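# Commentary on secondary and tertiary structure
One-letter residues, chain by chain:
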Amino acid sequence: MLASALSKMSRNSVSAAAIRTRAVVAHMSTSVQAAPLEQPVLFESNGATRTFVLNRPKKLNALNTDMIKLMGPQLEKWSKSDLCKIIIGTGVGRAFCAGGDVATVLQHSLDDITRPKAIEFFKDEFEMDYILSALPKPYVTILDGITMGGGVGLAIGAPFRVATEKAVFAMPETKIGYCPDVGASFFLSKMDGEVGTYLALTSETLSGREVFELGIATHFISSRTVPSLLARLSDLEDPSLALINRTIEDHHAKRLPDEPIGKLTGRTRQALDMAFRHNTVEEIVEDLTKLTSTPDDAVAKWASGTLNTLHMRSPTSLKVALEAVRRGKKMTLLQALQMEMGIATAYCSGASGDFNAGITAVLIKKTDGRPTWSPGELSNVSDAIVGLFFEEDSSFLRAMPTLTPPDFLSDVKRDPLKFALPSEDTIRRVIKSSTNKDSITFSDLLAHFDNLTSGKQGVEEKVLEVVRRKCDVTSSRGSDVVNWKE
């Protein structure tokens, strides 16, 4: 069975599900308000759906204060409307949203008079992220392009996060002397193994299908079928979460024969989990240094490249980001956002000059070299420096506001992974809790998850990747028996 699955993954399987293709023109949008096309957020009504469209394509839909102020009242109106059944988030052009307008935030933060505006931006942004995570109506985001930083915050709280081959994900904050925010300490800490820690520290990107396979997105479809999906969703009369899920699943795009596998798999992934499991950046660097001498050329090359990447990042940002991800693992989303509000306030208040140095070098001057970080080495970033971003008695946190979400939100606790591929920890628990004393046949394992996820596309590939990396497989009476390796 396992050998058959391996062979099956290498061949192209054309979906048998009929995809309903209806021209977008047949579902012309009705504007909720008479909005000029240059307005930075457009609002549309299509049958059962209400859609916000981020509309700053020349800026890759970078999020600014005006956009947030427009979205808040409209989301409240839709949340209270009986006619609104589903809320959808999309963007015009090559991006859903490439991040927040941090260059403007930096300029505000450098002046005592305007600094409150910088802090207020983060407060408004984080509250918007929380609002989108707790909408009383089903929320679907379409990640059909660049989705980074602040854009991730607008998307990650949706129960349905639909990626296409054009999706590009990153939390690039350590590049600019800042720290991953918009709830990153919450959602990155929930990712399989140490992938979230790796993404937080390195600012590396995920693209296309791996955005789905690693759990950032819950579904994967072809970019060309997005109009069909939106039309189908708008036609749903009384959509339950399960019905919305099935509708998106009907559009799943299977792997093409020449499509490369994700880069964070196999032995590279094993090395990643081993190196990034530590609670200090110094230990992570030490393990990566050892891995550069491994006989596995692919792993050695990955470790060397990762070391070079970490060297380019702000040492202070690396340590603050690691501390935030470790703390965020035990927090609710709102608690994590409040912690990140403190971190943002500290950066705006001058706790580290790297915020200025990084944004100036990377975003304003667009230089290629390493920014002039201070301190410039990890060894000089003391626990006391890191404490400036977290400790209650830090003078740099005095201006930190308290996040105050509005009262129209749902109080139902939602699992952001409910409609995603099963997590590695879930697969582990199923194997270890089987009645055969820590073992289960591969066919039974697949059958279990096929039933658990109602036949979700991509589950077999995910289970197989985890089994190959984390399990011993032996043959017994004609079946492949899976045992989890401690």
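Every value quoted in this text rests on a predicted model; they were computed, and no experiment measured them.

## Digging into the overall build of the protein
Each helix and strand counted, the protein has 20 helices and 14 strands in total. For the protein, whose C-alpha radius of gyration is 23 Å, the value lies close to the compact-globule estimate of 23 Å for 486 residues. Among the 486 residues that make up the protein, the fraction classed as buried is 54%. Of the contacts made within the protein by residues no fewer than 6 positions apart, 72% connect residues no fewer than 24 positions apart. In the structure as shown, the protein presents an accessible area of about 21800 Å², 52% of it carried by carbon and sulfur atoms. Side-chain charges of the protein comprise 57 positive and 59 negative groups, with the mean position of each set lying 3 Å from the other.

## Description of the sheet that holds strand β7 (residues 146–148)
What the four strands build is an open sheet, ordered β5-β7-β9-β10; its pairing is mixed. Bordering the open sheet on either side are β5 (95–97) and β10 (206–207), each of which pairs with just one other strand.

## What to know about the pattern of salt bridges
Counted by the stated rule, this structure contains 24 salt bridges. Aspartate 273 is paired through a salt bridge with arginine 269; the nearest N and O atoms lie 3.0 Å apart. Residue aspartate 273 and its partner arginine 269 are located together in helix α11 (residues 266–275), separated by four residues, close to a single helical turn. Relative accessible area serves as the criterion here: at 15%, aspartate 273 is assigned to the buried category. Here the salt bridges do not stand alone but share partners, grouping Arg269, Asp273, Glu424, Glu465 and Arg469 into one network.

## Overview of the UniProt feature "domain: Enoyl-CoA hydratase/isomerase" (unreviewed entry) in the protein
The UniProt feature table records "domain: Enoyl-CoA hydratase/isomerase" (unreviewed entry) at residues 50–390. Structurally, residues 50–390 is divided into 49% helix and 10% strand, and its ends, taken at the C-alpha atoms, are 39 Å apart.

## Comments concerning the nonpolar core
Among the nonpolar cores identified, the biggest contains 120 residues, and Phe52, Leu75, Leu201, Phe276, Leu288 and Trp302 are the most heavily contacted of them. Among residues more than four places away in sequence, those in contact with tryptophan 302 are Tyr198, Leu264, Thr268, Ala271, Leu272, Phe276, Leu288 and Leu291. Within the second largest apolar cluster, 14 residues are counted, among which are Ile142, Val162, Leu236 and Ile244.

## As for the state of the cysteines
Scanning all chains against the criterion turns up zero disulfides. Residue cysteine 97 stays outside any disulfide, its sulfur separated by 18 Å from that of cysteine 348, the closest cysteine. Classification of cysteine 97 as buried rests on a relative accessible area of 0%.

## Observations regarding the side chain of arginine 232
By the element assignment, arginine 232 lies in helix α9 (residues 226–235). In terms of polar contacts, arginine 232 uses its side chain to reach the side chain of aspartate 250, at 3.2 Å.

## Here we look at the domain arrangement of the protein
Per the domain assignment, the segments of the protein are domain 1 (38–170 + 205–260), domain 2 (263–401) and domain 3 (424–484). With centres defined by C-alpha atoms, the gap from domain 1 to domain 3 works out at 33 Å. Taken together, the contact between domain 1 and domain 3 spans seven residues of the former and four residues of the latter. Interface area for domain 1 against domain 3, summed over the two sides, is near 460 Å², with a carbon-plus-sulfur share of 46%. At the junction of domain 1 and domain 3, the tally comes to one salt bridge. Between glutamate 249 and lysine 456 there is a salt bridge whose closest N-O contact spans 2.8 Å. Our count for the contact surface shared by domain 1 and domain 3 stands at three residue pairs in polar contact (both at pLDDT 80 or more).

## Brief notes about the pairing of strand β14 (residues 479–484)
Bridging between strand β12 (residues 439–441) and β14 involves three bridges; their strand directions are antiparallel. By the bridge assignment, serine 439 is partnered in β14 with asparagine 483. Sheet analysis places strand β13 (residues 471–476) next to β14, joined by six bridges and oriented antiparallel. Looking across to β14, one finds that serine 475 is bridged to aspartate 480.

## Some words on the packing of aromatic side chains
Under the counting rule described, the total for this entry stands at twelve aromatic pairs. Summarising the aromatic geometry, the rings of phenylalanine 122 and phenylalanine 126 are spaced 5.9 Å apart at their centres and angled 50 degrees between planes, so their arrangement reads as tilted. In this pair, phenylalanine 122 and phenylalanine 126 are both assigned in helix α4 (residues 115–133), four residues apart and thus about one turn of the helix distant. A centroid spacing of 5.3 Å and a plane angle of 40 degrees characterise the contact between tyrosine 178 and phenylalanine 355, whose relative ring orientation is tilted.

## A word on the sheet that holds β12
Reading across from one edge, β12-β14-β13 is the order of the three strands in this open sheet, with antiparallel pairing throughout. Of all strands in the sheet, those bounded by a partner on one side alone are β12 and β13. In this sheet, adjacent strand axes meet at a mean angle of 30 degrees when their direction is disregarded. Sheet contacts for helix α18 (residues 424–432): β12, β13 and β14; angle to β14, the most-contacted strand, approximately 110 degrees. In the packing of helix α20 (residues 459–470) onto the sheet, the strands contacted are β13 and β14, and the crossing angle to β13 comes to about 95 degrees.

## Describing the confidence of the model for the protein
Summing up the model confidence of the protein, the mean pLDDT is 92 and the portion of residues at 70 or higher is 92%. The low-confidence segment residues 3–34, where pLDDT is below 50, has 50 contacts with residues more than four positions distant or belonging to other chains.

## What about the pairing of strand β4 (residues 86–91)?
The element β4 is extensively covered by neighbouring structure, given that five of its six residues are classed as buried. Bridge count between strand β3 (residues 49–54) and β4: six bridges; the pairing is parallel. Note that in β4 the partner of arginine 50 across the bridge is isoleucine 87. For the crossover that starts at β3, traverses helix α2 (residues 65–79) and ends in the parallel β4, the hand is right-handed.

## Quick look at helix α14 (residues 315–328)
With 14 residues, α14 should reach 20 Å at 1.5 Å per residue; the first-to-last C-alpha distance of 20 Å fits that figure. The buried fraction of α14 amounts to eleven of the 14 residues, a majority that puts the element mostly inside the structure. Inspection of α14 places Pro315, Thr316, Ser317, Leu318, Lys319, Val320, Ala321, Leu322, Ala324, Val325 and Gly328 among the buried residues, and these make up the whole buried set.

Conventions used here
Residues numbered from 1 in each chain as written. Predicted model: local features only at pLDDT ≥ 70, side-chain atom pairs only at ≥ 80, totals over all residues. Heavy atoms only, no water. Helix = DSSP H or I, 4+ residues; strand = E, 2+ residues; numbered from the N terminus. Rg over C-alpha atoms; globule rule 2.2 N^0.38 Å. Buried < 20%, exposed > 50% of the residue type's maximum accessible area, 1.4 Å probe, protein only. Contact = heavy atoms within 4.5 Å. Areas by Shrake-Rupley, 256 points an atom, 1.4 Å probe, with all protein chains shown as cover. Lys, Arg positive; Asp, Glu negative; His and termini not counted. Charge placed at Lys NZ, Arg CZ, Asp CG, Glu CD. Pairing = 2+ DSSP bridges. Salt bridge = Lys/Arg side-chain N within 4 Å of Asp/Glu carboxyl O. UniProt positions renumbered as here; feature names shortened; annotations may be inferred. Core = buried A, V, L, I, M, F, W, Y, C linked by side-chain atoms within 4.5 Å. Disulfide = S-S within 2.5 Å. Polar contact = N/O pair within 3.5 Å; in protein donor to acceptor, adjacent residues only side chain to side chain. Domains from an automatic or database assignment. Buried area = accessible area lost by both parts, 1.4 Å probe. Phe/Tyr/Trp six-rings, centres within 6.5 Å; stacked < 30°, edge-to-face > 60°. Axes fitted to C-alpha atoms, helices over the stretch in contact; angles between N-to-C directions. pLDDT = per-residue confidence, 0-100. Right-handed = clockwise from strand over helix to strand, strands pointing away. Expected span 1.5 Å × (residues − 1).

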